[in-house]
Amino acid sequence: LATPIGTLKAHINKATMASAIPSIIGRKVIPMAAAASFAAGGGMDTFNYRYGRANCDASSQDFDNAKPSANNPFMTNNLGSVVLRKRMTSIGRFSLRSESETNLSIPTFFLALSGSKKPDSNDASANTTAVGTSQSTKNTFTVNDFESTWMNSDMPSRHPRFHSTVSRHDDRFFEETHHVKAATTENNGNDKDETNLQIKAELDRHASETMHFSVYREDLRNRIENMLTSPIEVAEKLWEVKISSGAIGSSGAISKVKSEAITTRQQVSNEIRALKRQPTKGRLWKDAVADTKPMESVLLFRSHHALADGASIMAALSDLCDEAEEIRSDIEAELKKWKRGKQGKKGVLRRLISRFMRLIKFMMWITLGSARSALYQVWLQLTTRTNPFDAVRQDAEKKGLAMSGQRAISWCDACPLDEAKRMTQILSKASGSNITVNDLFVSCISAAVTRQLIEHEEFMAPVDAHSRKRVARNINVCIPVHLRGGVILPNESLGNRIGAFVTRVPGEMTHDARGGGTPSCPSDRLMKVHQSLKRSKQSPAPILSHYVAKFCSNYLPEQWTKNIFQRANCNACVAISNNRGYKDKIHMNGMTVESAHGFLPLPPGIPIGVVVQSYAGVMSLSVTAEKWAVPDPDKFLRWCLDEYSRLLETAAKLEKSQ
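To start, this report covers the structure provided alongside it. These numbers come from a predicted model, not from an experiment. The residue numbering used here restarts from 1 in each chain and proceeds along that chain's sequence as written. This being a predicted model, a pLDDT of at least 70 is required before a residue's local features are given, and a value of 80 or more before pairs of side-chain atoms are given or counted; all residues contribute to the totals for chains, interfaces and linings. Hydrogens and water are ignored here; the side-chain numbers use all heavy atoms of the structure.

This part is about the overall build of the protein. The helix and strand tally for the protein stands at 22 helices and 20 strands. Think of it in three bands: with a 1.4 Å probe and only protein chains considered, a residue is buried below 20% of the maximum accessible area for its type, exposed above 50%, and partly exposed in between. Here the protein holds 658 residues, and the buried ones make up 48% of them. Accessible surface is estimated by sampling points in the Shrake-Rupley manner with a 1.4 Å probe; for residues, cover comes only from the protein chains shown. When the accessible surface of the protein is summed, it comes to about 31,900 Å², and 54% of that surface belongs to carbon and sulfur atoms. The helix count covers DSSP runs of H or I at least four residues long, the strand count covers runs of E at least two residues long, and both are numbered beginning at the N terminus.

Another aspect to go through is the pattern of salt bridges. Here, a salt bridge means any Lys or Arg side-chain nitrogen found within 4 Å of an Asp or Glu carboxyl oxygen. Within this structure, the stated rule accounts for 29 salt bridges. Between Asp171 and Arg93 there is a salt bridge; the shortest N-O distance is 3.1 Å. With Asp171 in the loop between strand S5 (164-166) and strand S6 (173-182) and Arg93 in helix H4 (residues 90-98), this residue pair connects regions lying 78 residues apart in the sequence. A residue is classified by how much of its surface remains accessible, and Asp171, at 32% relative accessible area, is partly exposed. Here Arg93 falls in the buried class, since its relative accessible area comes to 16%. Put simply, Arg158, Asp319, Glu325 and Arg328 are held in one network by salt bridges that share partners.

Glancing now at the state of the cysteines. The disulfide definition used here is simple: a pair of cysteine sulfur atoms within 2.5 Å. If you walk through the whole model with that rule in mind, you get 0 disulfides. Free cysteine: Cys415, not disulfide-bonded; nearest cysteine sulfur from Cys444 at 8.5 Å. Cys415 sits in the buried class, given a relative accessible area of 5%.

Now for the sheet that holds strand S15 (residues 498-506). By the convention used here, strands pair only if DSSP detects at least 2 bridges between them. Across the sheet, 6 strands lie side by side as S13-S20-S19-S16-S14-S15; this open sheet has mixed pairing. Since the sheet does not close on itself, it has two edges, and those belong to strand S13 (407-416) and S15, each with one partner. Sheet twist, expressed as the average angle between the axes of neighbouring strands with direction ignored, equals 20°. The sheet contact formed by strand S14 (residues 474-482) and strand S16 (residues 574-580) spans 2 bridges and is parallel. By the bridge assignment, Val477 is partnered in S16 with Val574. Fitted lines through C-alpha atoms serve as axes, helices being fitted only where they are in contact, and the angles separating the N-to-C directions of these axes extend from 0 to 180 degrees.

Turning our eyes to something else, we now look at the pairing of strand S18 (residues 591-599). Counting buried positions along S18 gives 9 out of 9 residues, so the element sits mostly inside the fold. In this sheet, S18 lies alongside strand S4 (residues 108-114) in antiparallel orientation, the contact comprising 7 bridges. Opposite Leu111, over in S18, you have Ala596 as the bridge partner.

Let us now look at helix H15 (residues 390-398). Three or more residues of H15 are buried, namely Val392, Asp395 and Ala396. Looking straight down H15, one finds its buried side chains confined to an arc of 100°; they lie on one side. Count one or two residues on from H15 and you reach Gly400, which has phi positive near 70°. Comment: arc refers to directions from the helix axis out to C-beta atoms.

On to the packing of H4 against helix H21 (residues 558-567). Pairs of packed helices are described in terms of their axes, by the angle between the two and the distance that separates them. Packing of H4 against H21 leaves a shortest axis separation of 9 Å and a crossing angle of 90°. Relative to H21, the element H4 is oriented roughly perpendicular. Side by side, H4 and H21 meet where Phe94, Arg97 and Ser98 of the first sit next to Glu558, Thr561, Lys562 and Phe565 of the second. Gly counts as polar in this scheme, as do all residues outside two lists: the nonpolar Ala, Val, Leu, Ile, Met, Phe, Trp, Tyr, Cys and Pro, and the charged Asp, Glu, Lys and Arg. When its residues are assigned to classes, the contact of H4 with H21 shows 2 nonpolar, 2 polar and 3 charged. For classification, angles of less than 35 degrees are called roughly parallel, those exceeding 145 degrees roughly antiparallel, those between 65 and 115 degrees roughly perpendicular, and all remaining angles oblique. We call two residues in contact whenever any of their non-hydrogen atoms come within 4.5 Å of each other.

The next point concerns the sheet that holds strand S8 (residues 207-209). Sheet strands pair by backbone hydrogen bonding; their relative direction is either parallel or antiparallel. Reading across the sheet, the 6 strands line up as S8-S9-S12-S4-S18-S17 and stay open at both edges, with mixed pairing between neighbours. Strand pairing shows two members of the sheet lacking a second neighbour, S8 and strand S17 (587-588), which therefore form its edges. In this sheet, strand S9 (residues 239-247) lies alongside S8 in parallel orientation, the contact comprising 3 bridges. Its bridge partner being in S9, Glu209 is matched across the sheet by Ile243. Relative to the sheet, helix H7 (residues 143-152) contacts S8, S9 and strand S12 (295-303), its axis offset from that of S9 by approximately 130°. Contacts from helix H10 (residues 218-229) reach S4, S9, S12 and S18, with the element oriented near 20° to S12.

Rendered as structure tokens:
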């Protein structure tokens, strides 16, 4: 029942309601009366508490008859609930308006955990002395563990947008449900009669437990495909997590190599601890680990892009890990180091002059760089009139093989991060350039895309396959860019801080047609990819695309927005996202996060999406593609690794000659 804010104040006999949610950005919490005064012009930032309207979904009887509940901390001294509105970010609304039925904007990823949870003094099973101690709860991560970790990490206060939904009445706004609670002198030091708000978590709508995967990789693959292609009812929730547990390595979320290493370590630990038998009550001896077997828990997440971009979601969920404080401290230390480096030991006058010069350079970079980026975009549009995969799609439709909306999914660990860095150093020294790990894998992925096109052409025209009539000499790739470097800065929360740019890289080269011919070809491709990416990285194209998307979201009709979004990719064949993870393994409730893989939602018109990610010193790849474009995603990733092996051989030869 909707109650105006004035009637709500009459019910609780107060002029204002101070929010109980602490301000993330260090400002004082905004009273409800002040929030109502901002209705005319709501801000777009998550932390800008300017609400378009404040509604109450409880009647006067609800306030009068509400009783505290000892079992539910959210209902203690509950006077009812109130729905607050916050203006959605423009990029979030852009994702809602630009998605289609077959190209949903839903990033998906999974975390695979193993090991033992932290001992819980309140858990009776943790203190039992029986040999059959509940191993299933000790070595697995459950929904209850997730909910307790979520609340103990204060996620509703740190990232309140997780508990928002898109307004059913106006999709420009998020809605948050808060409990109206009676404040006490113990929690805010003010008058006992003053009321405040506490966010309504309702984690049971988001977290659920499912059966574990029985067929290695295939069950997990099918579930990921379903999560990528099934719509989320954004008016009810913006994210969800499905949790399952089983024997280590059974799902394929943790690779066989890692699973075998974990099992070996567990067996050695069991043998060592079995020698240390402890006397127990009721038994003469107890084998401390008699029944301990390695287990795994898979947390499969998905969220709508209206909530936040995938990199921000991953960064925000790091607040759930045991090392959250350490991660935040490292980010703050790097920021301080960067600020000290900018200021240096200069006088006041020199600092002012330096700032003025930086401002001039920035304005020139924005002005000239934006003009150059716009011209480059127009040139790509004019010179790439069709997508190389268009012929593949048309041929599949004729043969009844096109399955619109279905996805091909795969993932793998590619190489050690140190090995990839060492390779780029050797190749950079030999070429006199500064090749990055991102350049390396974009080159490998572009080679795999080219081999996929060659295979399609051989399938479509087996008699004259090597004429290469459809495989282009160059292909376009789309590179999403997180404007914060994939982290959430202090005093910030979730958001959509992403842009993108399109660049041209080599397609078919000599060694592609001959099946791997000359050793120099992989390095030639890498150098061309490096030069192309360098030009685009040095331009303001990602920032420009970010603000163009905001403009389209705010001022253009929905159909125009969809058309612009599809045409802006310049008929790119693949979208490649590079996510930098943590250098060491992190833990959740004591359990080790062994692996993490993200899957890119395909933008309209782009048939392949690849995520390149580093975590705990290992580079990994994951591919999401239209099934008609990539019938065998495992083979596609093998092609990526084949190109990587060729480059590794080239680097090894160069290192010997240097």
